[in-house]
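# Survey of secondary and tertiary structure
Residue-level listing of the chains:
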Amino acid sequence: MMAGVDKFQFAIDRGGTFTDVFARCPGGKVRVMKLLSEDPANYTDAPTEGIRKILQEECGISLSKDQPVDTSLIDWIRMGTTVATNALLERKGERIALVITKGFRDLLLIGNQSRPKIFDLEIVRPEVLYEEVIEVSERVVLHQKGCRLSKAMNSETLKGSTGESLDLWCPLDFKTLQTELQRVLEKGIQSLAVVLIHSYTWSKHEQEVGELAQRLGFQHVSLSSEVMPMVRMVPRGYTACADAYLTPCIKRYLTGFRTGFKDVLKDVNVLFMQSDGGLTPMKTFNGSRAILSGPAGGVVGYAVTTYNEESKQPIIGFDMGGTSTDVSRYAGEYEHVFESTTAGITIQAPQLDVNTVAAGGGSMLFFRSGLFVVGPESAGAHPGPSCYRKGGPLTVTDANLCLGRLLPDYFPKIFGPEEDQPLSKRDTLREFQKLTDQVNSFLENQSQHVSNMTVEEVAMGFIRVANEAMCRPIRALTQAKGHDTSQHILACFGGAGGQHACAIARSLGMKTVFIHKYAGILSAYGMALADVVHEAQEPCSVIYGPESFKLLDQRIAVLKQQCITSLQGQGFQKAQISTEAFLHLRYERTDCAFMCSAKGYPGNENFCHEGDFRTAFCLRYLKEFGFTIPERPIVVDDIRVRGTGSSSIHCEKQLKPSGLPARVETMTKCYFENGYLDTNVYYLEDLTCDHIIPGPAIIIDKNSTILVEPECTATITEFGDIQICVDREKIPVIGTELDTIQLSIFSHRFMSIAEQMGRILQRTAISTNIKERLDFSCALFGPDGGLVSNAPHIPVHLGAMQETVQFQIKNLGQDLVEGDVILSNHPCAGGSHLPDLTVITPVFRKGISYPVFFVASRGHHADIGGITPGSMPPHSKSLEEEGAVFTSFKLLKGGMFQEEAVTEALLAPGKIPGSSGTRNLHDNISDLRAQVAANQKGIQLVNELIDVYGLEVVQAYMAHIQANAEVAVRQMLKEFAVRCRKQTGVQTGLLEVTSEDYMDDGSPIRLSVQINEKEGSAVFDFSGSGYEVIGNCNAPRAITLSALIYCLRCMVGQDIPLNQGCLAPVKVIIPKGSILDPSAKAAVVGGNVLTSQRLVDVIFKAFGVCAASQGCMNNITFGNDNVGYYETVAGGAGAGPYWHGQSGVHTHMTNTRITDPEILEKRYPVILQQFQINKGTGGTGNFCGGDGVIRQLLFRDNVVLSVLSERRAFRPYGLYGGEPGAAGLNLLIRADGRTINLGGKTSVELNPGDIFHLQTPGGGGFGLYEEDGTSKRTTQTVSQKDKTTECFQERGSVYEYRRTQETV
């Protein structure tokens, strides 16, 4: 693998829009080229054309486009490609079929049952990748000690690769399978994905399916046990599908690529970049490891060129292109994730943690209800920004052009319909003038007089908002793992990043920006620097300890040898090869696993030969979460070895000082905070290592434009790179009056505070509920207790905490003093249900006797006592049966944690006959301390804002941001009133809409909404709703307000700050003593999870927004003295005026993920026999409701099953002639064959062999379906989404964290 110095070496990144080529020519000369990835009029393949052009120009020979390229002059080709990514995004992969264990045909459609966007009523799930499903009769189950099923006792015992024992319940049905495979083949499908339950440890059935399929003629078969043998059936199934869907596309592309060269590249070393940052031979390049092929090259590029081994200062990679912005981190080692979601498909494979956080230069600009909004919609490459001359929208690129930061004369003339014109500043200015008129029209209608804004001020405002929006995920990426953002270097690359780098670094407190001379093509350059990698991995299931060290050492040695053999087969000498072993470790009974290397932790006789993995794991756990669990065993889930073949390639060439001043190409005018400034323009190729460029300046490279802002200084390094020293941010002096730009920036800052509080809470909490399920919210409140910002947006928490804070202000009054921290969960004090404990900290400033603001955190505690474990009894009849109660409990007094008093209160329910105190006191205390710490972080961050801007300004913008949400809600109410008048033909008198629905016990929920269309206000009157009930379906007032805010946000239809302002235009009337405002002693646990859903149905019915969704969370609990388990189950979503309801998904007030089938069977005494869509249960109509699901559990031991559900009597309504969805059904099938209807709410003892059969409700239909295909549906009340623009595809650990928060 030594470099051929007398031949050409090519590194190529084939991107979605452009293909970048880096070539090292004989003698060391470097050539760089950028060309369109798709240009069929001029060439069939961009990478081949780039190679042909460079060979032709450098060798002075003519190479015909019609003839294969001569390879005699080529040493190697390294390439990254978006072929796989684009096929996945556009759903243009191979036609495939899925083979899956019987009973799970819809498992990959249902997935984890959560919906992607919690406020979108039209639930859009990514399409599944397969066309056909074959359910195959076969079944193995994990052997469990104590299993009392006779079938398990009489079955054949198998040994899995992880050491686990399994029972063979049903052998593979070859005959039926062969018939089904033949049927699929006859439809022209030749690629197959196979995922069978527990195949991660016992793969024989999958192998037999694969062998049969290949004999029958399938061209490609992806076995989940081979593609990625990791536990969890759903992501492993997605990965196998992705591989079957994408690998044939890649193979076709590679075949086409090779035919463009003589002898199909026979003697040329061709390597492709994988998602993990390593190169692999062309023949082993596959779909599941190709998703980040291009971006991975950029990470390698900045890691190799920017990181200094001596200083060890960590790097943030900032890759801003035209259609996406990627952020990553490097601190001496590549940061990998082993499960990531792209285009809705979760893939288990090692990938660099590249976070796509924004839409790049193509991010569209909007002015909405007084807020400057950037993205997430993107103009894409077509039509592109306004300046592209194709009628596109205003974007970030246009804002930079408007401000003089992009210079059209230095861009190629490739724009316009004929792609032969320069960028059009005129088009940009015309569109910005329209937007500026819109902004000024809004400002003129405000009560405060605010001077009009210029076009430049508006464009500058959008740039500042865009920068702040990109800073938020960068903070999240670093702070999530306990790192200080300001201590990083910002490594900037990509075509658009150079215009924003100084501003983003300054905002994040960073002092240095590094821009490599090849920043415009850094992904291609990174491929030239990358190493060849071969990975080997296998599942495991042992406790890490002395008794397992021998086994681990043996397996690591086998995997190491696999890597070495593979790399030697590619021509590497042993001296060039290194290996690193990893163990996938987690504490027992937790889900948070880390892939840990023992590098730096040498072993001895007390550890594995590879090193001390325990110390490596514990230190990482401590870094991320602030504590360890010393007494808890550590489980090994997987063993992985990464083998690396070092390429030893160096492409840097030292520059010589010129001894002359830097040559100024020209001078231009650039707009900054203080107006237009003279700005020198330089060519990077004219600069050398003795040049220092003071800002403001523009440095132009062939592929990017770099802005050096005022108070920044650029230095050219010895290798020709740019290093910018960034001065501290000079904060502009602002007043308390509304500034729409500052409003947008403060909106991001306030949300960032709540998000950072959440990160502290997650890192310092100890319970699974908070640390792993992320069942918490953190919030910031104004001096009146009004909500300012709340993260994450868990629907059932929206607005509820505000009620709690305002209750404490009213209840404690002068007794609320500095050093106090309040604990509350009582429904009458704004609580939702008792396990949700809210910790509130009032904040005082020196010289002010009252709180100037409040912070609070609400966390779901797994147990706080009561009559059942989990504190969510299905049959409670009073509040005291549901656990410990806190109204205005002082958790801290004078800054001292009141551990003795809170312990006594948590144990108090044990004094009630039949009840118990908390069953997990240690976790309660630890989590409460974590909530106090999260509040303290919020206080620190708000005080920092106050120190910079002043208390009056910060409080003023808290009020402004609330007013902004109010504007959006008022506008929605006005628009609804206009539509309603038009629809009914009634133009005068009071505008009133009404609705009602019923709980299964017959209790009505009634709503009358009177709308003042002039003011955009409304009265929501729930008078006439049913009385408080004897059971636990009573909903505290806070639940009604949360449901109302959720509905208002959905009807607004766009992102708005979710705060007190949402309810400002609304008066809510709830009758005391009703099911919606029960007495202080009423049981409420069902109100939180059931009545909340009915409230949403009633509100949407009044507004005619959509048909009813399943209206239930289907709460299922089972357990015994040894285990306890809780889940909620998906159903059908309601149809709307332009959409069909989604099937098998959670709706409205819940979005909980469901446990993977393999994890469920591994940890609990249960076998999942069936989990699939219940076809035909959605209501019919012009648009049909979504179907519910069937879920069937077979129990292996004695347990108590509790069910808390609704919509078993009253079906989910259809709207405007649409039919109602089917009601749900809870059946118990006894081992002796009896079938019993359990009803909606019950608790029952089960024996081994008993089966619980659940059918969840379907969604209602919308509009009357006529045989001629017409509809009698009414005018839609939610505007149809603009289908012409698309949002960028988020990915990475920051996105996964937020998605997890939103699925609580």
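Before reading on, note that the structure itself is shown above.
So, here is what we can say about the structure in this document.

Each value, and the rule that gives it
Residues numbered from 1 in each chain as written. Predicted model: local features only at pLDDT ≥ 70, side-chain atom pairs only at ≥ 80, totals over all residues. Heavy atoms only, no water. Helix = DSSP H or I, 4+ residues; strand = E, 2+ residues; numbered from the N terminus. Buried < 20%, exposed > 50% of the residue type's maximum accessible area, 1.4 Å probe, protein only. Polar contact = N/O pair within 3.5 Å; in protein donor to acceptor, adjacent residues only side chain to side chain. Contact = heavy atoms within 4.5 Å. 1 Å grid on protein atoms, 1.4 Å probe; cavity = no way out; pocket = protein on both sides within 12 Å on 5 of 7 lines; lining within 4 Å. Points joined across faces, edges and corners; volume = space filled by probe spheres on them. Nonpolar A, V, L, I, M, F, W, Y, C, P; charged D, E, K, R; others polar. Phe/Tyr/Trp six-rings, centres within 6.5 Å; stacked < 30°, edge-to-face > 60°. Lys NZ or Arg CZ within 6 Å of the ring centre and 35° of its normal. Pairing = 2+ DSSP bridges. Axes fitted to C-alpha atoms, helices over the stretch in contact; angles between N-to-C directions. Core = buried A, V, L, I, M, F, W, Y, C linked by side-chain atoms within 4.5 Å.

### Focus: the side chain of R586
By the secondary structure assignment, R586 is in strand β26 (residues 577-587). With relative accessibility at 9%, the residue R586 sits in the buried group. Side-chain polar atoms of R586 contact the side chain of D637, separated by 2.7 Å. With residues up to four places along the chain from it excluded, the contact list for R586 reads C592, A593, F617, P633, I634, V635, D637 and R1163.

### Topic: empty space enclosed by the protein
For the structure shown, the criterion picks out eight cavities of 30 Å³ or more. When its volume is computed, the largest cavity comes out at roughly 60 Å³. Lining the largest cavity are R115, D120, L121, I123, Y1046, C1106, S1109, A1133, G1134, W1139, T1147 and H1148. A class-by-class count of the residues in the lining of the largest cavity yields six nonpolar, four polar and two charged.

### A short note on the side chain of T81
Relative to the elements of secondary structure, T81 occurs in strand β4 (residues 74-81). The exposure class of T81 is buried, given its relative accessible area of 2%. There is a polar contact of 3.0 Å between the side chain of T81 and the backbone nitrogen of V83. In contact with T81, other than residues within four places in its own chain, are R14, F272, F285, A290, S293 and G294.

### Overview of the packing of aromatic side chains
One pair of aromatic rings is described through two measures. These are the centre distance and the angle between the planes. Throughout the structure, instances matching the rule amount to 38 aromatic pairs. Judged by centre distance (5.1 Å) and plane angle (70 degrees), the ring pair of Y587 and F617 falls under edge-to-face. Taken together, the positions of Y587 in strand β26 and F617 in helix α16 (residues 613-625) put the pair 30 residues apart, joining distant regions of the chain. With relative accessibility at 0%, the residue F617 sits in the buried group. When the ring of F1020 is compared with that of F1103, the centres are 6.0 Å apart and the planes differ by 20 degrees; the resulting orientation is stacked. With F1020 in strand β45 (residues 1017-1021) and F1103 in helix α24 (residues 1085-1103), the pair connects residues that are 83 residues apart, well separated along the chain. Like F1103, F1020 is buried. Three or more aromatic residues joined by ring pairs form one cluster here, namely F367, F372, F442 and F462. Just above the ring of F897 sits the side chain of R929; from NZ or CZ to the centre is 4.2 Å.

### A look at the sheet that holds strand β15 (residues 325-330)
Across the sheet, eight strands lie side by side as β20-β15-β14-β23-β24-β35-β34-β31; this open sheet has mixed pairing. At either end of the open sheet lies a strand with only one pairing partner, and these are β20 (355-358) and β31 (692-694). Adjacent strand axes in the sheet meet at a mean angle of 25 degrees, parallel and antiparallel pairs treated alike. Across four bridges, the pairing between strand β24 (residues 512-515) and strand β35 (residues 722-726) is antiparallel. Across the sheet, residue T512 finds its bridge partner in β35, namely C725. Relative to β15, helix α9 (residues 293-306) is tilted by about 45 degrees, and along the sheet it contacts β14 (315-320), β15, β23 (489-493) and β24.

### Some details on the nonpolar core
Grouped together as the largest cluster of nonpolar side chains are 185 residues, with contacts concentrated most on F10, I77, F432, I724 and L1201. Residues contacting I77, with those up to four places away along its chain left out, are F10, I12, I51, F257, F261, L265, V268, N269, V270 and L271. In this structure, C1033, C1047, L1048 and L1204 belong to the second largest nonpolar core, which totals 73 residues.

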